[in-house]
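# Structural overview
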Amino acid sequence: MTSSRTLHLAAELDPGAGDSPGPLASAAARTTAPAVAGTAARTVALARLAEAAALDFLTHDDSFTRPGLDALAVLARVAPETRSIGLVPTVTTTHTEPFHVQAAVATLDWVSRGRAGWRIAVSPTGAEARIFGRRPVPPTAELWQEAGEVAEASRKLWDSWEDDAEIRDVVTGRFVDRRKLHHVNFQGATFSVRGPSIVPRPPQGNPVTVVDATRPAARDTAAHHADVALIRASSAEEAAALRAELRQGARAHGRDPGQLRVLLSATVDLDAYEGGPGALAELIAGWHGGGAIDGFHLVPAVPERDLERFTAGTVTRLRDRGLFRTAYEGATLRDHLGLARPVSQYATEARVTTGARA
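Remember, it's a predicted structure, so these values are computed and weren't measured experimentally. (Residues numbered from 1 in each chain as written. Predicted model: local features only at pLDDT ≥ 70, side-chain atom pairs only at ≥ 80, totals over all residues. Heavy atoms only, no water.)

### Digging into the nonpolar core
Of all hydrophobic cores here, the largest spans 76 residues; its most connected members are Leu-9, Leu-55, Trp-118, Phe-296, Phe-310 and Leu-318. The element contributing the most residues to this core is helix 6 (residues 140-159), with 8 residues. Not counting residues within four places of it along the chain, the set of residues in contact with Phe-310 comprises Leu-9, Leu-55, Leu-270, Leu-280, Ile-284, Phe-296, Leu-298 and Val-315. Listed in part, the 11 residues of the second largest apolar core include Leu-230, Leu-263, Leu-333 and Leu-339. (Core = buried A, V, L, I, M, F, W, Y, C linked by side-chain atoms within 4.5 Å. Buried < 20%, exposed > 50% of the residue type's maximum accessible area, 1.4 Å probe, protein only. Helix = DSSP H or I, 4+ residues; strand = E, 2+ residues; numbered from the N terminus. Contact = heavy atoms within 4.5 Å.)

Rendered as structure tokens:
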């Protein structure tokens, strides 16, 4: 059995960093997970396991209240220890500076040689606002509107360097062609950015944007800005309806809905899950084959156990059915997802202007 539609598979490295551990996690996992979550050796080992199975990408959750390094820093450490798998840290757009956020994500794309993404998150709690000495935060819907503006400003900043803006001429001492740097002059409801960025245009042009569209407040932001939307659903029918809603929203925002990937995100305990890895493979194959989803995002109850069973059991069964790749066919995360590398909007404008003058 084969499918003409590409199946996409991803996994979470650190479930529960932003929230409490999932309901399927064992008591032992809840007790020991925080103690080992930040160890580099553990995270690298999990990433290599997922890469050996040729998963599209890994996510790493985050929260302002958790101890240790943030997710961006953790995956920057993982980048040189891996070669192909995509790396997608959670990045909170509330209480953070958009200019610094985009520069950090662009840097991860350079460090990983084109394998970076970012999973946009918001911070709706008063407890986290107080960490920054802020007044109570706005309603969640307003935070997601702000997150969408951060995504838009980030794309403009990533495009603010044309691809060939760097000269690196040692003889003349010129590093960059200033004519190929552009001010973005972005004005949002809560912030403004003049630009250009301080980081050259990322290898992917724009790193991949992931949005958890589980909550209704996040869905318009996902439809407008996401390359990958994560959903949760209890049936194939529910998943198909959510996918159709997101694709319709993308079209309404002037986007090609075919460039939006919708993945089912599910917390799974493959020690207690009925039918184990085989049953999960059947579920993924059925929902994907029926057009309900474009792929699956595993949130393991216990990463060391469940990610190994997922890659060895579930992924192997999907490969046997001709549904998933046996090796990476491209070098970047956009390649894995079948997404085109966007052309810089400013380079396009410059060419049009030049043509008009000619």
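### Section: the pattern of salt bridges
Side-chain pairs of opposite charge can arise whenever the charged atoms involved come near each other. The full count for this structure, using the stated rule, is 20 salt bridges. Across the pair Asp-61 and Arg-119 runs a salt bridge whose closest N-O atoms are separated by 3.8 Å. Taken together, the residues span a long stretch of sequence, with Asp-61 in the loop between strand 2 (57-60) and helix 3 (71-78) and Arg-119 in strand 4 (residues 117-121) at a distance of 58 residues. Each member of the pair, Asp-61 as well as Arg-119, carries the same accessibility label: buried. (Salt bridge = Lys/Arg side-chain N within 4 Å of Asp/Glu carboxyl O.)

### Digging into unusual backbone geometry
That bond from Gly-195 to Pro-196 is cis: its omega, 0 degrees, falls within 30 degrees of zero. One non-glycine residue, Arg-113, lies in the positive phi region at around 60 degrees. Looking at the secondary structure, you find Arg-113 in the loop between helix 4 (98-111) and strand 4. Taking relative accessible area as the criterion, Arg-113 reaches 71% and is therefore assigned exposed. The phi dihedral of Arg-168 is positive, around 55 degrees, even though this residue is not glycine. Within the secondary structure, Arg-168 sits in strand 5 (residues 166-169).

### Examining the packing of aromatic side chains
Taken as a whole, this structure holds 5 aromatic pairs when the rule is applied. Both rings, one in Trp-161 and one in Phe-175, keep their centres 6.5 Å apart while their planes meet at 70 degrees; by these two values the pair is edge-to-face. In this pair, Trp-161 is assigned in the loop between helix 6 and strand 5 and Phe-175 in strand 6 (residues 174-176), connecting sequence segments 14 residues apart. Look at Trp-161 and you get buried, because its relative accessible area is 6%. For Phe-175, a relative accessible area of 41% corresponds to the partly exposed category. (Phe/Tyr/Trp six-rings, centres within 6.5 Å; stacked < 30°, edge-to-face > 60°.)

### Some remarks on the packing of helix 4 against helix 6
Packing of helix 4 against helix 6 brings their axes to within 9 Å, and their N-to-C directions diverge by 60 degrees. Of the possible angle classes, the one that applies to helix 4 and helix 6 is oblique. Regarding helix 4 and helix 6, the two cross each other, and that crossing is right-handed. Across the interface between the two elements, Pro-98, Phe-99, Gln-102, Val-105 and Ala-106 from helix 4 touch Val-150, Ser-154, Leu-157 and Trp-158 from helix 6. (Axes fitted to C-alpha atoms, helices over the stretch in contact; angles between N-to-C directions. Parallel < 35°, antiparallel > 145°, perpendicular 65-115°, else oblique. Left-handed = near helix turned anticlockwise from the far one by under 90°.)

### A short note on the pairing of strand 10 (residues 228-231)
Of the two faces of strand 10, the one carrying Val-228 and Leu-230 and the one carrying Ala-229 and Ile-231 are both buried. Sheet topology places strand 9 (residues 208-212) next to strand 10; 3 bridges connect them, and they run parallel. Paired with Asp-212 across the two strands is Leu-230, which belongs to strand 10. Handedness of the crossover joining strand 9 and strand 10 through helix 7 (residues 219-225) is recorded here as right-handed. In the sheet, strand 10 pairs with strand 11 (residues 261-268) via 4 bridges, with the strands oriented parallel. Residue pairing in the sheet places Leu-230 in a bridge with Leu-263 of strand 11. (Pairing = 2+ DSSP bridges. Right-handed = clockwise from strand over helix to strand, strands pointing away.)

### A look at the sheet that holds strand 3 (residues 86-92)
Hydrogen bonds along the backbone pair up the strands of a sheet, which may run parallel or antiparallel. Ordered by their spatial adjacency, 8 strands build a closed barrel running 1-2-3-4-9-10-11-12, and the pairing between neighbours is parallel. When strand polarity is set aside, the average angle formed by the axes of neighbouring strands in this sheet is 25 degrees. Pairing of strand 1 (residues 8-12) with strand 2 involves 3 bridges; the strand directions are parallel. Each residue of the ladder has a partner; that of Glu-12, found in strand 2, is Thr-59. Of the strands in this sheet, strand 2 and strand 3 touch helix 3, which is tilted by about 165 degrees from strand 3.

### Some words on the side chain of Ser-160
Along the chain, Ser-160 turns up in the loop between helix 6 and strand 5. Within the local environment of Ser-160, its side chain forms a polar contact with the backbone oxygen of Leu-157, the two atoms lying 2.6 Å apart. When sequence neighbours within four positions are dropped, the list of residues in contact with Ser-160 reads Lys-180, Leu-181, His-182, Val-184, Pro-196, Ser-197 and Tyr-346. (Polar contact = N/O pair within 3.5 Å; in protein donor to acceptor, adjacent residues only side chain to side chain.)

### Some details on helix 2 (residues 40-52)
With 13 residues, helix 2 extends 18 Å from end C-alpha to end C-alpha; this agrees with the ideal 18 Å at 1.5 Å per step. Among the residues of helix 2, Arg-42, Thr-43, Val-44, Leu-46, Ala-47, Ala-50 and Glu-51 are the ones counted as buried. One or two steps after helix 2, the chain reaches Ala-54, where phi turns positive at roughly 65 degrees. (Expected span 1.5 Å × (residues − 1).)

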